[in-house]
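Each chain, written out:
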Amino acid sequence: MKLYEFQGKEIFKKYGIPVQSGFLIHANDKINTLTPPLVLKVQVLVGGRGRAGGIKICDGNTDVSKTINDLFTLSIKGEKVKAMLALEKVDILKEIYISITFNRAKLTPVLIIGTSGGIDIEKSAKLNKEKIYFIEFDPFLGISEYQIRFIAKKINIENYSEFKKIIEAMYKIFKEYDATLVEINPLAITPGGLVAIDSKVNLDDQAHFRHKELFNKLREEKQFIQGEKDVHVLKHKEDTITYVPLSGDIGVISDGAGTGLFTLDLINEYGGKVANFCEMGGITNPEVMLKSLKMVASDQSVKSILIVLIGGFNRMDDMAEGILKFKKELNKDIPIFIRMCGTKEEIGKELMKKANIPVYDSLNVAVEKAVKKAMEN
Ligand code: GDP
Ligand code: MN
């Protein structure tokens, strides 16, 4: 899950990374007491806000209220502006790029430092104007002192201990929040010390189960900002179900996003139209299956349901149990078609057979049947 700048900065603050003071403004807030100098930054999840006009530095006699109103009319790469940060403006002497992420090929975390961060980092990196250092480190030992010293020297950091604290805090956040990315671009050298001007924090959705409360809180904040209606993909609150409403007549449930999307394509190829799609979010259980079925079936236009399951961690007997519960509880006679394979598939298939629910080994056949049924009904 991607966090907004303000969400990331709240975490930064908690871990002692210096950030500017400021506050969040929502579209309906009446703000007319702000005076320059200050910085206004729209809160969107797409990158390159600065380039797209989403960052306004208000100096001298800038009309702040008008600037705020103007920013609220913007869409940044298709994302409507619903909230912005008003921050104390800082004087920047130099901008540095810092991030911690994974080197997936080497299976290590990696600290990435660019000697001149800012909005042109990608471009200047390509032109080799930017010197970028990739420092892999042992996840258990963390970033070693010598590695931080090496970098501090390369980028002429004067206050070494201040710099070290920031890097260590970044790694602490990376570990404790199960992040896949913790980025500060730019980390500014200012007359008063180092300041994280921007934040980009991505959390690992696979670690959701370890941070349920946090994920819910962050998601609620997001939904509050975006307005429930504008969120096309609604994440279910307690669990990892992603529900996508569409406009056809076939309901689709899958236990992974990849299989699901592939199935949507196949349905299209067979001439079917998908009514809605539920992705159960990887590791799942009978309750999640039951909930997903209820969500899918609650759409009156659904004429057939296709369930596509690949059992790895997921057990097919569990999935069958959820499907049977649905049949028993709702007693709706929407025809269900299933393709299941993998862990405990024999038991799962047996249970389905007893309940007269067709199970297919071939995804193509299952899709074909579901499409045909929806057309008949
Ligand atoms: P991004 O475009 O989404 O990456 O937004 P950033 O928050 O990184 O801001 C983009 C650029 O605006 C930074 O690289 C800075 O050059 C500039 N900027 C942002 N805040 C301040 C500030 O408080 N003072 C100054 N002088 N520049 C700022
Ligand atoms: Mn930035």
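Quick notes on the rules
- Once a new chain begins, its residue numbering starts again from 1 and follows that chain's sequence as written.
- Note on labels: chains are lettered from A, ligands numbered from 1, in written order.
- Two thresholds apply to this predicted model, a pLDDT of at least 70 for residue-level local features and 80 or more for giving and counting side-chain atom pairs, whereas whole-chain, interface and lining totals are computed over all residues.
- Side-chain metrics rest on all non-hydrogen atoms present in the structure, leaving aside hydrogens and water.
- Comment: elements are numbered from the N terminus, with helices defined as DSSP H or I runs of at least four residues and strands as E runs of at least two.
- Throughout this description, buried means an accessible area under 20% of the type-specific maximum (1.4 Å probe, protein chains only), exposed means over 50%, and partly exposed covers the range between.
- In this analysis, two residues are considered to be in contact whenever any of their non-hydrogen atoms come within 4.5 Å of each other.
- Accessible surface area values rest on a Shrake-Rupley calculation with a 1.4 Å probe, where residue burial reflects the displayed protein chains alone.
- Ligating atoms shown are N, O and S within 2.8 Å of the metal, or 3.2 Å for Na, K and Ca, and water is not included, meaning a site may look less than complete.
- Every axis corresponds to a line fitted to the C-alpha atoms, with the helix fit spanning only the stretch in contact, and the corresponding angles, defined between N-to-C directions, vary from 0 to 180 degrees.
- Oblique is the label for any angle not under 35 degrees, not over 145, and not in the 65 to 115 range, which are roughly parallel, roughly antiparallel and roughly perpendicular in turn.
- Handedness of a crossing follows from how the near helix is turned relative to the far one, being left-handed for an anticlockwise turn of less than a right angle and right-handed for a clockwise one.
- Put simply, Ala, Val, Leu, Ile, Met, Phe, Trp, Tyr, Cys and Pro go in the nonpolar bin, Asp, Glu, Lys and Arg in the charged bin, and everything else, Gly too, in the polar bin.
- Two strands pair under a simple rule: DSSP has to find at least two bridges between them.
- To estimate how far a helix should extend, the number of its residues minus one is multiplied by 1.5 Å.
- Nonpolar cores are built from buried Ala, Val, Leu, Ile, Met, Phe, Trp, Tyr and Cys residues. Side-chain atoms within 4.5 Å join them into one set.
- To be near a molecule or strand, a residue needs just one of its heavy atoms within 4 Å of it.
- For the purposes of these results, a polar contact is taken to be a pair of N or O atoms within 3.5 Å, where, inside protein, one atom must be able to donate a hydrogen and its partner to accept one; residues adjacent in sequence count only when each atom of the pair is a side-chain atom.

Another point: the overall build of the chain. Scanning the chain from terminus to terminus reveals 11 helices and 19 strands. Along the first, second and third principal axes, the C-alpha atoms of the chain reach 75 × 50 × 40 Å. Within the span of the chain, comprising 377 residues, buried residues form 50% of the whole. Considering only contacts within the chain whose residues lie at least 6 apart along the sequence, 67% involve residues at least 24 apart. Total accessible area on the chain is roughly 19200 Å²; 53% of this is exposed by carbon and sulfur atoms.

A few words on the coordination of the manganese ion (ligand 2). Bound to the manganese ion (ligand 2) on the protein side are Asn185 (O) and Asp198 (OD), at distances that span 2.2 to 2.3 Å. Linking asparagine 185 in strand β10 (residues 179-190) with aspartate 198 in the loop between β11 (193-196) and β12 (200-203), this pair joins segments that are 13 residues apart in sequence.

In this section: the packing of helix α7 (residues 257-269) against helix α11 (residues 363-376). Contact geometry for α7 and α11: axes closest at 10 Å, N-to-C directions at 55°. As summarised for this structure, α7 and α11 are arranged oblique, according to the angle between their axes. Both α7 and α11 take part in a crossing whose hand is right-handed. Facing Phe262, Thr263, Leu266 and Ile267 of α7, the residues of α11 in contact are Leu363, Asn364, Val367 and Val371. Partitioning the contact of α7 with α11 into residue classes produces six nonpolar, two polar and no charged.

The element strand β8 (residues 108-114) is largely enclosed, with a buried count of seven among its seven residues. Residues Thr108, Val110, Ile112 and Gly114 line one face of β8 and the alternating positions Pro109, Leu111 and Ile113 line the opposite face, and both faces are buried. Direction of pairing for strand β7 (residues 94-103) relative to β8: antiparallel, over a ladder of seven bridges. Looking at β8, one finds that phenylalanine 102 is bridged to proline 109. Where β7 hands over to β8, the hairpin turn is made up of four residues, of which leucine 107 adopts a positive phi near 55°.

The next subject is helix α9 (residues 316-330). With 15 residues, α9 ought to run about 21 Å at 1.5 Å a step, and its terminal C-alpha atoms sit 21 Å apart, in line with that. Of all the positions in α9, only Met316, Asp317, Asp318, Met319, Ala320, Gly322, Ile323 and Phe326 are classed as buried. For α9, the elements touching its buried residues are α8 (286-297), β17 (304-311), β18 (336-342) and α10 (345-354).

In globular proteins that are soluble, nonpolar side chains generally tend to be buried together. Counting 41 residues, the largest nonpolar core has Ile17, Ile98, Leu111, Ile113 and Phe163 as its most contacted members. If we skip the residues at most four places from it in the chain, isoleucine 17 touches Phe12, Ile166, Ala169, Met170, Ile173, Ile184 and Ala196. Formed by 28 residues, the second largest nonpolar core is a distinct cluster that contains Met289, Ile336, Ile338 and Met352.

It is worth spelling out the site of ligand 1 at this point. Not every one of the 17 residues close to ligand 1 is listed here, only the nearest: Lys41, Arg49, Gly50, Val90 and Glu95. Take glycine 50: an N or O atom from its main chain is 2.8 Å from an oxygen atom of ligand 1. Between a nitrogen atom of ligand 1 and a main-chain N or O atom of valine 90, the distance comes to 2.7 Å. Protein contact buries 85% of the 560 Å² of open area that ligand 1 shows by itself. Listed by contribution, the elements that provide at least two residues to the shell around ligand 1 are β2 (38-42), β3 (55-58) and β10. Tallied by class, residues from the shell around ligand 1 come to eight nonpolar, four polar and five charged.

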